[in-house]
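Listed below, chain by chain, are the residues.
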Amino acid sequence: MKPRQEQEEDEERLRQRKLEESLEIKSLRRIISAYLNYPEAAEEDVKRYERSFRKLPPSHKGLLSHYPLKFQRLRRCISINSYFIFSMLQAFEPPLDMSQDIDDCGELHFERPPNDGNVCSHESTTARGSCSKLDEACCGEPSNVMSKLAEGLTAIEEMQIEGCHGSDAGSCLAGEENNKMAAECCGNHVSDSNGNVMVPSSPRDWLDPSFQLHVPLVDVDKVRCVIRNIVRDWAAEGQKERDQCYKPILEELNSLFPSLCNKSPPTCLVPGAGLGRLALEISCLGFVSQGNEFSYYMMICSSFILNQTQNAGEWTIYPWIHSNCNSLSDSDQLRPVSFPDIHPASAGITEGFSMCGGDFVEVYSDPSQVGVWDAVVTCFFIDTAHNIVEYIEIISRILKDGGVWINLGPLLYHFADMYGQEDEMSIELSLEDVKCVAFHYGFEVEKEKTIETTYTTNPRSMMQNRYFAAFWTMRKKSAAAEKHST
Ligand SMILES: C[S@@+](CC[C@H](N)C(=O)[O-])C[C@H]1O[C@@H](n2cnc3c(N)ncnc32)[C@H](O)[C@@H]1O
């Protein structure tokens, strides 16, 4: 029998774990609800455009006689986007028992914000001004997910978009132990005779309308941001941006690790991996590559693309429909984008590729991570920190002596200017100070330059936000070398 104090400590730990799990379920439910609210929120926008159009005097309306047709086309695009979203959710296996939260009445009362990371933090402004402009909770009738999905199917048929989805479960590309998401996301598709995905006969409980919360519009904006990230990572249209951001990193890895051998390949960690393309490309170079990501918004989507894709070009979305601003033409705004541009399972991924869900600080502060990695690659990531010094300290600690840290990105601190949330910690260093902190943690700079790039930008928009991103390679000096130099 354990002494009383130990028993009490055990009970306290258990209580703590249960509380954390219940918060995580709530936050996941909110994120799923944001995905499910996408069609309604988009429809509201179209209704708003229609209301404005109706207010026009007849002479002005006459000049814009094509507008009603545009609204109709917008609705079809929304249906097709929704169809993709619902197919993705159908395939998603939550890593937690969602039924624990199912008796909730559909109102929002969160003790903490959902674990949705900084999905939108580097995006250029949309029609809404920014991804976090609207922030009001509203509770009303939940929508009927299944009828929306059926709408999506009809729209797909109408537009004669060819979609071929096999009935097999996709291959689990990322099946490491710590990757609950990827390992558990191999659901089955049900196909009709044409190969189109049908609504499975027993929909997931947590996709039931009664489960859906009405979430703040800012949450739905995050879904739109994920859609833009799909273009960045997985569409041919994102190639230019990938060439600007990922190519210099891949070239640097290639030159630093020229002769990779299968026997003991180097290890590379990609914190804040987003939708996983960079981590996949690094795996294709021959590294044991691990992406780390803490946003369920991102992980639900990356897991679907990585694990469930049957063919390149399998899906079609309309990523640019949510902004009427800065369009050269309606056809630019309403253009389809197909993805993925490659079939991930046939891309040449090497052994050990994984996506690890969780907060970078929490996961990689674990003592088991000390000196594990040959390379850490951060792309548009380090400014997501509350405390960038902590990020740098951890990167240094988890690298082997002589290991390299390759970084590309701006310093657009995500938690800067969080008006109304004054207790939100945010340490906002200049590049000069970032480098000083890195030197303190044993890094020396091997390469440094500025790279001009965009982030999830519509290449046909009249507005293109450009970053002059810092690129560097720093090497962690070996303990002996460091001792010698001090
Ligand atoms: C601006 S995005 C960049 C994504 C990707 N690296 C790219 O270049 O497209 C930053 C990503 O980091 C993730 N993120 C933010 N804070 C994180 C943390 N503490 N741990 C893990 N991921 C985090 C966000 O969810 C988001 O996907």
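Refer to the preceding data block for the structure.
Quick caveat: nothing in here was measured; it's all calculated off a predicted structure.

**So, helix α1 (residues 4-54)**
For step 1, the next point in the chain: In this model, α1 (51 residues) spans 73 Å end to end at C-alpha, consistent with the 75 Å of a helix rising 1.5 Å per residue.
For step 2, the next point in the chain: Residue N37 marks the point of greatest curvature in α1, where the axis turns by about 45°; the proline P39 follows within four residues.

**Let's talk about the packing of helix α6 (residues 217-234) against helix α9 (residues 296-308)**
For step 1, the next point in the chain: Relative orientation of the contacting elements α6 and α9 amounts to 40°, with a least axis distance of 10 Å. The angle between α6 and α9 falls in the class oblique. For the element pair α6 and α9, the recorded crossing hand is right-handed. Between α6, through K222, V223, V226, I230 and W234, and α9, the contact on the second element is made entirely by Y297, M298, C301 and I305.
For step 2, the next point in the chain: A breakdown of the residues in the contact of α6 with α9 according to their chemical character gives 8 nonpolar, no polar and 1 charged.

**What to know about the environment of T267**
For step 1, the next point in the chain: By the element assignment, T267 lies in strand β1 (residues 267-271).
For step 2, the next point in the chain: It is 9.7 Å that separates the C-alpha atoms of T267 and L399, two residues lying 132 residues apart in sequence.

**With respect to unusual backbone geometry**
What is expected of a backbone is that most residues other than glycine have negative phi and most peptide bonds are trans.
For step 1, the next point in the chain: Residues F339 and P340 are joined by a peptide bond in cis, for which omega reads -10°.
For step 2, the next point in the chain: Along the chain, the position of P340 falls in the loop between β4 (337-339) and β5 (354-357).
For step 3, the next point in the chain: One non-glycine residue, N326, adopts positive backbone phi at about 60°.
For step 4, the next point in the chain: Along the chain, the position of N326 falls in the loop between β3 (315-317) and α10 (330-333).
For step 5, the next point in the chain: Residue F380 is not a glycine yet carries a positive backbone phi of 50°.
For step 6, the next point in the chain: In this structure, F380 sits in the loop between β6 (373-379) and α12 (388-398).

**Points about the nonpolar core**
For step 1, the next point in the chain: The biggest cluster of nonpolar side chains holds 51 residues, and the ones touching the most others in it are Y35, V223, V226, I230 and C301.
For step 2, the next point in the chain: Contributing elements (two or more residues each) for this core: α1, α3 (67-91), α6, α9 and β3.
For step 3, the next point in the chain: The element best represented in this core is α3, accounting for 10 residues.
For step 4, the next point in the chain: Non-local contacts of I230, meaning those with residues more than four positions away in its chain, are made with A235, L275, C301, I317, P319 and F339.
For step 5, the next point in the chain: If you look at the next biggest cluster of nonpolar residues, it comprises 47 residues, including L253, L280, V377 and C379.

**Things to note about the packing of α1 against α6**
For step 1, the next point in the chain: At a closest axis distance of 8 Å, the pairing of α1 and α6 adopts a crossing angle of 85°. When the axis of α1 is compared with that of α6, the two are roughly perpendicular. When α1 is examined against α6, the residues R30, A34, Y35, N37, Y38 and A41 are found in contact with a partner set consisting of L217, D219, V220, K222 and V223.
For step 2, the next point in the chain: Class assignment of the residues belonging to the contact of α1 with α6 gives a composition of 7 nonpolar, 1 polar and 3 charged.

**Digging into α6**
For step 1, the next point in the chain: Across its 18 residues, α6 extends 26 Å between first and last C-alpha, which sits within 8% of the 26 Å expected from 1.5 Å per residue.
For step 2, the next point in the chain: With 17 of its 18 residues buried, α6 lies for the most part within the structure.

**Side note on the pairing of β1**
For step 1, the next point in the chain: Of all 5 residues in β1, 4 are buried; the element is thus mostly enclosed.
For step 2, the next point in the chain: With 5 bridges joining them, β1 and strand β2 (residues 288-293) adopt parallel strand pairing. Counterpart to V270 in the pairing with β2 is G291.
For step 3, the next point in the chain: Between β1 and its parallel partner β2, the chain crosses via helix α8 (residues 277-285), and the hand of that crossover is right-handed.
For step 4, the next point in the chain: Examined bridge by bridge, β1 and β6 share 2 bridges and lie parallel to one another. By the bridge assignment for β6, C268 is matched with A375.

Procedures and definitions
- Residues numbered from 1 in each chain as written.
- Predicted model: local features only at pLDDT ≥ 70, side-chain atom pairs only at ≥ 80, totals over all residues.
- Helix = DSSP H or I, 4+ residues; strand = E, 2+ residues; numbered from the N terminus.
- Expected span 1.5 Å × (residues − 1).
- Bend = angle between axes of the 7 residues up to and from the residue.
- Axes fitted to C-alpha atoms, helices over the stretch in contact; angles between N-to-C directions.
- Parallel < 35°, antiparallel > 145°, perpendicular 65-115°, else oblique.
- Left-handed = near helix turned anticlockwise from the far one by under 90°.
- Contact = placed C-beta atoms within 7 Å.
- Nonpolar A, V, L, I, M, F, W, Y, C, P; charged D, E, K, R; others polar.
- Core = buried A, V, L, I, M, F, W, Y, C linked by C-beta atoms within 7 Å.
- Buried ≥ 20, exposed ≤ 12 C-beta atoms within 10 Å, placed from the backbone.
- Pairing = 2+ DSSP bridges.
- Right-handed = clockwise from strand over helix to strand, strands pointing away.

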